[in-house]
Amino acid sequence: MQEKKLTRQKISFLENPATWDDSRAVVMGIPLDSTSSYRAGSRFAPEEIRTVFEVLEDYSLQLKANLAESYVYDLGDMLIKGDGVWQNLNRAEKLIASIVNQNKIPVLIGGDHSITYAPVSALLSSGYEDLVVLQFDAHLDLRPSYLEEKYSHASVIYRLLERGVKEIYQMGIRSATAQELDLARAKTNYYPHRVFAPLKKILADIEQKPVYITLDIDVVDPGFAPGTGTPEPGGMSSASLYRVFNYIKNLNIVGFDLVEVNPAYDHSQVTSILAAKIIREALIILGSKC
Ligand SMILES: [Mn+2]
């Protein structure tokens, strides 16, 4: 398979992996963290999240379903080359397009938040012009560029607007510049500090549309998730984040990512274990055949 040449299989955390042909959800790591502006290290997240997976049960009490009964394939981690952020994003986009074009749902593990451009662009090019982006994040990520990098983690939502995403919901936001706020007011739906109230309100509006979910782990308070690139105090608890899946499980989710987990700054693997639990919930939801 073409994809194999561009990815590196590390450890697989799936007890009963589906074959590529049978799979409904395909998980892939994108260990790209070269735009991390404060502290780098999220490139180690895909491997660490796979490693800590063994602490979890396959069964989700919340979803009342078993990961082993989902159709999930682990593609391994994309090879990151030294030729630049854009070049790596471009290769990621092609890989993800090949997943999407075979009617499979990409589940991506970052890397920093810059990686989200690749799947969203791939989905837009693959017939999902009306894609809705649902972002859970402490930051708006709406800077035109950051530290002279257009494809920075701090600019990813700006790039998505530029790429043509028309409907973006930004939840849990608690940090922004004045310019970012102006842009959010004009171009996105943003909800400072809140998650559940806006989520309940918008579910009916977006249930008929394809939805991409991008989850920056820094939406969670650093007390619960210290291992992240740009920690921002005052966030939600890990229990609250876990409950989000009960609200989104019936949406038409066509792609999902979890970004900004940074094992280098984690303690007792708490952030990675939370991340693994989030990935498990996503894979259970997205890997079940409809
Ligand atoms: Mn972010």
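Residues numbered from 1 in each chain as written. Predicted model: local features only at pLDDT ≥ 70, side-chain atom pairs only at ≥ 80, totals over all residues. Heavy atoms only, no water.

Peer 1: Can you walk me through the pairing of strand β11 (residues 252-259) in this structure?
Peer 2: On a regular strand, each side chain points to the face opposite its neighbour's, so the side chains alternate between the two faces of the sheet. Of all 8 residues making up β11, 7 are buried, and the element is well covered by its neighbours. By the bridge criterion, 3 bridges tie strand β6 (residues 105-110) to β11 in an arrangement that is parallel. Residue pairing in the sheet places Leu 108 in a bridge with Asp 257 of β11. Note that strand β10 (residues 210-216) and β11 share 7 bridges and pair parallel. Counterpart to Leu 215 in the pairing with β11 is Leu 258. At this point the chain moves from β10, through helix α7 (residues 238-248), to the parallel β11, and the crossover so formed is right-handed. (Buried < 20%, exposed > 50% of the residue type's maximum accessible area, 1.4 Å probe, protein only. Helix = DSSP H or I, 4+ residues; strand = E, 2+ residues; numbered from the N terminus. Pairing = 2+ DSSP bridges. Right-handed = clockwise from strand over helix to strand, strands pointing away.)

Peer 1: Would you mind showing me how to read the packing of helix α6 (residues 196-206) against α7 here?
Peer 2: A packed helix pair is summarised by two numbers, namely the angle formed by the two axes and the spacing between the axes. Where α6 contacts α7, the axes come no closer than 11 Å and their chain directions differ by 10°. In terms of axis orientation, α6 runs roughly parallel to α7. The segment α6 lies against α7, with Phe 196, Leu 199, Lys 200 and Leu 203 engaging Ser 240, Arg 243, Val 244, Tyr 247 and Ile 248. (Axes fitted to C-alpha atoms, helices over the stretch in contact; angles between N-to-C directions. Parallel < 35°, antiparallel > 145°, perpendicular 65-115°, else oblique. Contact = heavy atoms within 4.5 Å.)

Peer 1: What is the right way to read the side chain of Asp 77 from this model?
Peer 2: Inspection of the secondary structure assignment puts Asp 77 in strand β5 (residues 72-78). Polar side-chain contacts of Asp 77 include one of 3.5 Å to the backbone nitrogen of Gly 29. (Polar contact = N/O pair within 3.5 Å; in protein donor to acceptor, adjacent residues only side chain to side chain.)

Peer 1: What am I meant to see in the packing of aromatic side chains here?
Peer 2: Each pair of aromatic rings is reported with the distance of its centres and the angle of its planes. As enumerated under the stated definition, the model contains 6 aromatic pairs in all. Taking 5.3 Å as the distance between ring centres and 55° as the angle between the ring planes, the aromatic pair formed by Phe 196 and Tyr 247 counts as tilted. Of this pair, Phe 196 sits in helix α6 while Tyr 247 is found in helix α7, placing the two residues 51 residues apart along the sequence. These aromatic residues form a ring-pair network of at least three members: Trp 86, Tyr 117 and Tyr 151. Sitting over the ring of Tyr 151, Arg 159 keeps its end group 5.8 Å from the ring centre. (Phe/Tyr/Trp six-rings, centres within 6.5 Å; stacked < 30°, edge-to-face > 60°. Lys NZ or Arg CZ within 6 Å of the ring centre and 35° of its normal.)

Peer 1: Before we go on, may I ask you to explain unusual backbone geometry in this structure?
Peer 2: Leave glycine aside and you will find that most residues have negative phi; peptide bonds, for their part, are mostly trans. For the bond from Gly 110 to Gly 111, the omega torsion is 15°, close enough to zero to count as cis. Its place among the elements puts Gly 111 in the loop between β6 and α3 (117-125). In this structure, Leu 147 takes a positive phi of about 50° despite not being glycine. Phi at His 193 takes a positive value of approximately 70°, unusual for a residue other than glycine. Counting through the fold element by element, His 193 comes out in the loop between β9 (189-192) and α6. For His 193, a relative accessible area of 60% puts it in the exposed group.

Peer 1: It is not clear to me how the environment of Val 261 should be interpreted in this structure. Could you clarify?
Peer 2: Turning to its location among the elements, Val 261 is positioned in the loop between β11 and α8 (270-286). Along the primary structure Val 261 and Asp 21 are separated by 240 residues, whereas in three dimensions their C-alpha atoms are 30 Å apart. Among all residues touching Val 261, those that are not within four sequence positions of it are Ser 42, Ala 45, Ile 49, Ile 217, Gly 227, Thr 271, Ser 272 and Ala 275.

Peer 1: Help me out: how do you make sense of the coordination of the manganese ion in this one?
Peer 2: Perfect tetrahedral coordination of a metal by four donors corresponds to 109.5 degrees between them, and perfect octahedral coordination by six donors corresponds to 90 or 180 degrees. Of the protein atoms, only His 113 (ND1), Asp 137 (OD), Asp 141 (OD) and Asp 216 (OD) coordinate the manganese ion, at distances of 2.1 to 2.3 Å. Each donor residue of the manganese ion belongs to the same chain, and together they define the spacing H-x23-D-x3-D-x74-D. Here His 113 is found in the loop between β6 and α3, whereas its partner Asp 141 is found in the loop between β7 (132-136) and α4 (156-163), with 28 residues between them in sequence. Accessibility assignment for this pair places His 113 and Asp 141 in one class, buried. (Donors = N, O, S within 2.8 Å, 3.2 Å for Na, K, Ca; no water.)

Peer 1: Before we go on, may I ask you to explain the layout of surface pockets in this structure?
Peer 2: Left-over empty space is what a probe sized like a water molecule reveals as it rolls over the atoms. The space that makes up the second largest pocket amounts to roughly 200 Å³. Looking at the lining of the second largest pocket residue by residue, the classes come out as 4 nonpolar, 6 polar and 6 charged. (1 Å grid on protein atoms, 1.4 Å probe; cavity = no way out; pocket = protein on both sides within 12 Å on 5 of 7 lines; lining within 4 Å. Points joined across faces, edges and corners; volume = space filled by probe spheres on them. Nonpolar A, V, L, I, M, F, W, Y, C, P; charged D, E, K, R; others polar.)

Peer 1: Would you explain the pairing of β10 in this entry?
Peer 2: For β10, a buried count of 7 out of 7 residues is recorded, marking the element as mostly surrounded by other parts of the structure. Side chains of β10 alternate between two faces, with Pro 210, Tyr 212, Thr 214 and Asp 216 and Val 211, Ile 213 and Leu 215 buried alike. Direction of pairing for β7 relative to β10: parallel, over a ladder of 5 bridges. Within β10, the residue paired with Phe 136 across the bridge is Leu 215.

Peer 1: What exactly am I supposed to notice about the pattern of salt bridges here?
Peer 2: Between side chains of opposite charge, a pair can form as their charged atoms come close. Under the defined criterion, the tally for this structure stands at 8 salt bridges. Note that Asp 33 and Arg 43 form a salt bridge whose closest N and O atoms lie 2.7 Å from each other. Here the residue Asp 33 occupies a position in the loop between β2 (25-30) and α1 (45-52), and Arg 43 occupies one in the loop between β2 and α1, the gap between them amounting to 10 residues. Given a relative accessible area of 3%, Asp 33 falls into the buried group. When its relative accessible area of 42% is taken as the criterion, Arg 43 is described as partly exposed. (Salt bridge = Lys/Arg side-chain N within 4 Å of Asp/Glu carboxyl O.)

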